[in-house]
Amino acid sequence: MARPRAQYVCAACGAVSPRWQGRCDACGEWNTLQEEAPSAAPVALRTGRGRPVPLVSLAGTSAQVPRTVSGIGELDRVTGGGFVPGSVLLVGGDPGIGKSTLLIQTAAALARQGKRVVYVSGEEAIDQVRLRAERLGLRDAPVELAAETRVEDIVATLESGPQVDFVVADSVQTLWTELVESAPGTVTQVRTSAQAMIRYAKKSGACVVLVGHVTKDGQIAGPRVVEHMVDAVLYFEGDQGHQFRILRAVKNRFGPASEIGVFEMTGSGLSEVANPSMLFIGERDSGSPGTAVFAGIEGTRPLLVEVQALVGETALGTPRRAVVGWDPSRLAMILAVLEARCGLQFGSHDVYLNVAGGLRLSEPAADLAVAAALVSSRAGVPAPRETVYFGEVSLSGSVRPVAQTGLRLKEAEKLGFNRAILPAGGGDVECSTLALHPVTTLADIVAAIAAGQARARSSAASDR
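Fair warning: this is a prediction, and the values are worked out from it, not measured in the lab.

Chemist: Any chance you could explain the overall build of the protein here in plain terms?
Modeler: Broken down by element type, the protein carries 11 helices and 21 strands. Across the protein, contacts joining residues at least 24 apart in sequence account for 67% of those joining residues at least 6 apart. Of the accessible surface of the protein, which amounts to about 22,600 Å², a share of 52% is contributed by carbon and sulfur atoms.

Spelled out as structure tokens, the structure:
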């Protein structure tokens, strides 16, 4: 019998190639092909014949999807109101960010409600999981533990006893199945093992949570097809130097995507943050130049975040552009618009931009707040106090309206702000206390801060 030849599998899309090449023909990614032994699929499963399936009309009544509420409000918010039976969730995050801590807290909360919960660890021994539970004060929770990596043994264990309601598999990169000859963690093993766990969830009605490692780029390791197979993909974000963590839903078939939940890492585990806006702007210094408060929307939640900028003369031939928490390409665009449309020069200045608290912003509405912080730092004059900014800046220098203006203003009003600079033409907004200042171009922001600079100079001259 001829020896089966090795095949090369793309780590990004899962495509198979008979030989190695630098670029994947299917997805176009470079250096993603990995050598693996060919999978030995059972011949008995290859029938080649299908069966007709019943077809129904689009009109009709649909039952409300039942959910299992964990009692952890921020987690239930991200999942769309609780866990759906038969669903599969993929949770990713950096090592040590708190994935296992959150999941053991969730498992304990569900077990105390009378649900049957099984926690399968492929990376830690049972004693290690017990020590973590004891440190978090969860030793008395009736969670069933197992340390196993073979998928067939895990599924057989879950099917042998009473109905399981919630399963945690930590992590999917450690699982392996005998149907595939490659090593655990390879593209084929991850994809096949995930498919086996998904098949069990759909068959039994249990909610399965798979923990995934992340690459150096912050993406979940393994083929991207796994993210398409599961029902929800949650990313655990945060900086090791900050005490809070953000759980973000990038995909959710049973709820809104881009929803976030905010947690604070404490000595007794992860605790919920009821008012995230207060956390991000609680220690701001409104009297310093280069700061502006952005009224943003994360999923369905309004969130106030402080944007900090520092502009100083450079001692190098090429000025530096350092960004934390925002898109560097978008910063370059805002700087170009300020130079071309407003006459401000940044070519001989270093520019540093930071989103306070380690939060990462992706909303275009943050353009106006970033521009205000840059102009304030460049002029050396603090931006107006107790003021929030939001609006998208175009290449022509005009400020474009953004969605959900009312939610942004209500959040700012609730936290004691009294002024909002927003795009003109955004519609009628009912606001009882906020003074609204619509702007049409970025030059209006520059003029307002320049007027503040002139007032500050005249005040200093009169004092002398």
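There is more to say, and it comes next.
Chemist: Even after reading the chapter, I still don't get the packing of aromatic side chains, so can you show me in this structure?
Modeler: Geometry of an aromatic ring pair is reported as the spacing of the ring centres plus the angle between the planes. Taken as a whole and judged by the stated rule, the model has two aromatic pairs. Ring centres of F236 and F263 lie 6.3 Å apart, and the angle between their planes is 75°; on these two criteria the pair is classed as edge-to-face. Taken as a pair, F236 in strand β9 (residues 232-237) and F263 in strand β11 (residues 260-266) lie far apart in primary sequence, 27 residues in all. When sorted by exposure, F236 lands in the same class as F263, which is buried.

Chemist: Teacher, can you tell me more about the nonpolar core here?
Modeler: One recurring pattern in soluble globular proteins: nonpolar side chains tend to sit buried together. Core analysis: the largest hydrophobic core is formed by 63 residues, its most contacted members being L304, L338, L361, L374 and F417. Tallying contributions element by element places helix α9 (residues 367-379) first for this core, with eight residues. Leaving out residues up to four positions away in the same chain, L361 has contacts with F294, E298, V305, V307, G325, W326, V355 and A366. Residues F83, I97, L102 and A232 belong to the second largest nonpolar core, which totals 34 residues.

Chemist: Sorry, what's going on with the pairing of strand β16 (residues 349-355) here?
Modeler: The side chains of a regular strand alternate, first on one face of the sheet and then on the other. In terms of residue burial, β16 counts as a mostly covered element, since five of its seven residues are buried. As paired elements, strand β14 (residues 301-313) and β16 share seven bridges and run antiparallel to each other. Note on β16: the bridge partner recorded for V311 is V351. Tracing the backbone out of strand β15 (residues 321-324), into helix α8 (residues 328-342) and back to the parallel element β16 gives a crossover that is left-handed.

Chemist: How do you make sense of helix α5 (residues 187-204) when you look at a structure like this?
Modeler: Each α-helix turn comprises 3.6 residues. Residues three or four places apart therefore point the same way. The end-to-end C-alpha distance of α5, which contains 18 residues, comes to 26 Å, matching closely the 26 Å that a straight helix rising 1.5 Å per residue would cover. Turning to α5, its buried residues number three or more, namely V187, T188, Q189, V190, S193, A194, A196, M197, I198, Y200 and A201. In the segment just after α5, G205 is the residue with positive phi, at about 85°.

Chemist: When you look at the pattern of salt bridges in this model, what are you seeing that I'm missing?
Modeler: Pairing of side chains with opposite charge becomes possible as their charged atoms draw close. In total, this model carries 18 salt bridges according to the counting rule given. E392 is paired through a salt bridge with R330; the nearest N and O atoms lie 3.8 Å apart. Highlighted residues: E392 in strand β18 (residues 392-393) and R330 in helix α8, separated in sequence by 62 residues. The class of E392 is partly exposed, set by a relative accessible area of 23%. Via salt bridges that share partners, R150, E152, D153 and E178 belong to a single interconnected network.

Cut-offs used in this document
- Residues numbered from 1 in each chain as written.
- Predicted model: local features only at pLDDT ≥ 70, side-chain atom pairs only at ≥ 80, totals over all residues.
- Heavy atoms only, no water.
- Helix = DSSP H or I, 4+ residues; strand = E, 2+ residues; numbered from the N terminus.
- Contact = heavy atoms within 4.5 Å.
- Areas by Shrake-Rupley, 256 points an atom, 1.4 Å probe, with all protein chains shown as cover.
- Phe/Tyr/Trp six-rings, centres within 6.5 Å; stacked < 30°, edge-to-face > 60°.
- Buried < 20%, exposed > 50% of the residue type's maximum accessible area, 1.4 Å probe, protein only.
- Core = buried A, V, L, I, M, F, W, Y, C linked by side-chain atoms within 4.5 Å.
- Pairing = 2+ DSSP bridges.
- Right-handed = clockwise from strand over helix to strand, strands pointing away.
- Expected span 1.5 Å × (residues − 1).
- Salt bridge = Lys/Arg side-chain N within 4 Å of Asp/Glu carboxyl O.

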